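Now for the letters of each chain:
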Amino acid sequence: MTSTPEQIHPFLAAFRGSFTSALRWPQLDALWERVRERADAGWYLYAVGEPPPAQPAERAQVLAFIGEIDALLRAEHDHDYCGIVYADDPQQPSFLKIYDPNNLGVSCGFSDNPPLPGWVMSLLPPCDLPATRPAPKNRRRWWRRLFG
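Treat the numbers as computed from the prediction; the structure is a model and nothing was measured.

S.K.: Quick question: what am I supposed to make of the side chain of Ser122 here?
M.R.: Structurally, Ser122 is set in strand 5 (residues 119–122). According to the relative accessible area criterion, Ser122 is buried, its value standing at 1%. A distance of 2.8 Å separates the side chain of Ser122 from the backbone nitrogen of Leu124, its partner in a polar contact.

S.K.: Would you explain the side chain of Asp70 in this entry?
M.R.: Within the secondary structure layout, Asp70 lies in helix 4 (residues 59–76). Owing to a relative accessible area of 15%, Asp70 belongs among the buried residues under this scheme.

S.K.: Just to check I follow, could you spell out the pattern of salt bridges for this structure?
M.R.: Two side chains that carry opposite charge are able to pair once their charged atoms sit near each other. This model, assessed by the stated rule, comprises three salt bridges. Note that Asp29 and Arg74 form a salt bridge whose closest N and O atoms lie 2.3 Å from each other. Of the two residues, Asp29 sits in helix 3 (residues 25–37) while Arg74 sits in helix 4, which places them 45 residues apart along the sequence. Among the residues examined, Asp29 registers a relative accessible area of 37% and is labelled partly exposed. Residue Glu33 is joined to Arg36 by a salt bridge in which the shortest nitrogen-to-oxygen separation is 3.7 Å. Within this pair, Glu33 and its partner Arg36 are both found in helix 3, separated by three residues, close to a single helical turn. By relative accessible area, Glu33 is classed as partly exposed at 39%. Through salt bridges with shared partners, a single ionic network connects Asp29, Asp70 and Arg74.

S.K.: What's the story with the packing of aromatic side chains in this structure? I'm lost.
M.R.: For any pair of aromatic rings, geometry is given as the distance between the ring centres together with the angle between the planes. Applying the stated rule across the entire model yields six aromatic pairs. For the ring pair Phe11 and Tyr46, a centre distance of 6.4 Å and an interplane angle of 65° mean the geometry is edge-to-face. Linking Phe11 in helix 2 (residues 10–15) with Tyr46 in strand 2 (residues 44–47), this pair joins segments that are 35 residues apart in sequence. The class for Tyr46 is buried, based on a relative accessible area of 2%. Aromatic pair Phe19 and Phe95: ring centres 5.5 Å apart, planes at 75°, arrangement edge-to-face. Taken as a pair, Phe19 in the loop between helix 2 and strand 1 (20–21) and Phe95 in strand 4 (residues 95–98) lie far apart in primary sequence, 76 residues in all. Ring pairs connect the aromatic residues Phe11, Phe15, Phe19, Tyr46 and Phe95, which therefore count as one cluster.

Conventions and cut-offs
Residues numbered from 1 in each chain as written. Predicted model: local features only at pLDDT ≥ 70, side-chain atom pairs only at ≥ 80, totals over all residues. Heavy atoms only, no water. Helix = DSSP H or I, 4+ residues; strand = E, 2+ residues; numbered from the N terminus. Buried < 20%, exposed > 50% of the residue type's maximum accessible area, 1.4 Å probe, protein only. Polar contact = N/O pair within 3.5 Å; in protein donor to acceptor, adjacent residues only side chain to side chain. Salt bridge = Lys/Arg side-chain N within 4 Å of Asp/Glu carboxyl O. Phe/Tyr/Trp six-rings, centres within 6.5 Å; stacked < 30°, edge-to-face > 60°.

Here is the structure:
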């Protein structure tokens, strides 16, 4: 029996789980407060596209990240709503997806190939998210044509 990616990577199973959006800025403020309360819980701070971190961040790094990412989101997502930060459980978060305001695509609707978030905060060690995605069919056809 072959293993599925979810069996190999608990992070990937959690990533594909159910999430709730911090739709309004006050909801994001409340979410950040809950994470700050547990800043020393062993959060992995992952910039998707960079190599996944091997070690969780220290409390000071988590607090600095929250301050910086909050400022970035408010500056670059110039709307009266947030809607680009998702938590597995807004009351007891252990996994957050933070979408880049400059690369939203279809982050909140349905898509066969939704964009990856820009950043992930997780209590689970992350895997390389871009590597878990199959190449688009046109790229696979191109590759096969090129290399048989």
